[in-house]
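Listed here are the chains, written in short residue letters.
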Amino acid sequence: MVDTKILVDDKSTDETVKIAEALGLRVFVHDKNYGYGRNQQTCYREALAAGADIVVMVHPDYQYTPLLVTSMASMIAYGVYDVVLGSRILGGGALKGGMPLYKYVANRFLTAVQNAFTGAKLSEYHTGFRAFSKEVLISLPILENSDDFVFDNEMLAQCICFGYRIGELSLPDQVF
């Protein structure tokens, strides 16, 4: 069960805040556009301040089904993993699900390089569907990370360096 739904708006110019508030989400609005990484830092900070034991981050780009939030959170709640990534690659449905070929090729290449450097065997480092235990979010020095898109990669590298158990969940090739 999801207790709290949080949206951090990085000073968008559309109606994101209005829609989020109408949906009953807790909304936090930055005073200017700080970037992707800072947006996540704010979201994790506010989730922890709200008392979260597990935080699941879902990109709002319709590539990920929220129907799997409970599965991801359960893998952490039952102590199986500390971090869970939703993978579009594991089930082989990334391209069928609409990922452009050039992004797929870049994703596979970058993931191979990152696995070579970290010694990990993850299927995807660039997923917008991630779950973290409270302990992970408290212990990682995420405030030292970039405010840009490399934030996700830095965070996973930190998880690997800190020895956290990372699991992956295969995502369907289409969003519901």
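Located above this text is the structure these notes cover.
So, here is what we can say about the structure in this document.

Rules used throughout
- Residues numbered from 1 in each chain as written.
- Predicted model: local features only at pLDDT ≥ 70, side-chain atom pairs only at ≥ 80, totals over all residues.
- Heavy atoms only, no water.
- Phe/Tyr/Trp six-rings, centres within 6.5 Å; stacked < 30°, edge-to-face > 60°.
- Helix = DSSP H or I, 4+ residues; strand = E, 2+ residues; numbered from the N terminus.
- Buried < 20%, exposed > 50% of the residue type's maximum accessible area, 1.4 Å probe, protein only.
- Core = buried A, V, L, I, M, F, W, Y, C linked by side-chain atoms within 4.5 Å.
- Contact = heavy atoms within 4.5 Å.
- Axes fitted to C-alpha atoms, helices over the stretch in contact; angles between N-to-C directions.
- Parallel < 35°, antiparallel > 145°, perpendicular 65-115°, else oblique.
- Nonpolar A, V, L, I, M, F, W, Y, C, P; charged D, E, K, R; others polar.
- Pairing = 2+ DSSP bridges.

**Some remarks on the packing of aromatic side chains**
Aromatic ring pairs: the centre-centre distance and the angle between the two ring planes describe each pair.
Reasoning step 1: Taken as a whole, this structure holds four aromatic pairs when the rule is applied.
Reasoning step 2: Aromatic pair Y36 and F149: ring centres 4.5 Å apart, planes at 20°, arrangement stacked. Of the two residues, Y36 is situated in helix 2 (residues 36-49) and F149 in the loop between helix 5 (134-139) and helix 6 (151-161); the sequence distance between them amounts to 113 residues.
Reasoning step 3: We classify Y36 as buried; its relative accessible area is 16%.
Reasoning step 4: Looking at F149, the relative accessible area reads 58%, which means it is exposed.
Reasoning step 5: Ring centres of Y64 and F129 lie 5.8 Å apart, and the angle between their planes is 50°; this geometry places the pair in the tilted category. Residue Y64 is found in the loop between strand 3 (54-58) and helix 3 (69-77), and its partner F129 is found in strand 5 (residues 129-133); the two are separated by 65 residues along the sequence.
Reasoning step 6: The class of Y64 is buried, set by a relative accessible area of 4%.

**Examining the nonpolar core**
Reasoning step 1: Of all hydrophobic cores here, the largest spans 22 residues; its most connected members are Y44, F132, M155 and C159.
Reasoning step 2: At the level of secondary structure, the elements contributing two or more residues to this core comprise helix 2, strand 3, strand 4 (83-87), helix 5 and helix 6.
Reasoning step 3: Top element by residues in this core is helix 6. It accounts for four residues.
Reasoning step 4: In terms of nonpolar packing, the next biggest core, distinct from the first, is built from eleven residues, M75, I76, A131 and L169 among them.

**Let's talk about the environment of T16**
Reasoning step 1: Residue position: T16 is located in helix 1 (residues 16-22).
Reasoning step 2: Remark: the alpha-carbon pair of T16 and V27, spanning eleven residues in sequence, is separated by 9.7 Å.
Reasoning step 3: Contacts of T16, omitting those with residues within four sequence positions, involve L7 and D9.

**Regarding the packing of helix 2 against helix 6**
Reasoning step 1: For the pair helix 2 and helix 6, the least separation of the axes is 9 Å and the interaxial angle reads 55°. By the criterion of interaxial angle, the relationship of helix 2 to helix 6 is oblique. Seen from helix 2, the contacting residues are Y36, G37, Q40, Q41 and Y44; seen from helix 6, they are F151, D152 and M155.
Reasoning step 2: Considered class by class, the residues forming the contact of helix 2 with helix 6 number four nonpolar, three polar and one charged.

**Focus on helix 6**
Each turn of an α-helix holds 3.6 residues, which means side chains three or four residues apart point in the same direction.
Reasoning step 1: All of the buried residues along helix 6 are F151, D152, N153, M155, L156, Q158 and C159.
Reasoning step 2: G163 occupies a position one or two residues after helix 6 and carries a positive phi of about 80°.

**Observations concerning the pairing of strand 4**
On a regular strand, one side chain projects to one face of the sheet and the next to the other, so that they alternate.
Reasoning step 1: Within strand 4, five of the five residues are buried, which leaves the element mostly enclosed by the surrounding structure.
Reasoning step 2: Because side chains alternate across strand 4, one face comprises the buried residues V83, L85 and S87, and the other comprises V84 and G86, equally buried.
Reasoning step 3: Sheet topology places strand 4 next to strand 5; three bridges connect them, and they run antiparallel. In the sheet register, L85 faces strand 5, and the bridge partner there is R130.
Reasoning step 4: Sheet topology note: the strand 4/strand 6 (residues 166-170) ladder contains five bridges and is parallel. Counted as the bridge partner of L85 is E168 from strand 6.

**Some details on the sheet that holds strand 3**
Reasoning step 1: Across the sheet, four strands lie side by side as 3-5-4-6; this open sheet has mixed pairing. The open sheet has two edge strands with one neighbour each: strand 3 and strand 6. Neighbour to neighbour, the strand axes of the sheet diverge by 15° on average, direction disregarded.
Reasoning step 2: Those strands touched by helix 3 are strand 3, strand 4, strand 5 and strand 6, and its axis lies near 30° from that of strand 5.
Reasoning step 3: With respect to the sheet, helix 6 is in contact with strand 3, strand 4, strand 5 and strand 6, its orientation differing from that of strand 5 by roughly 40°.

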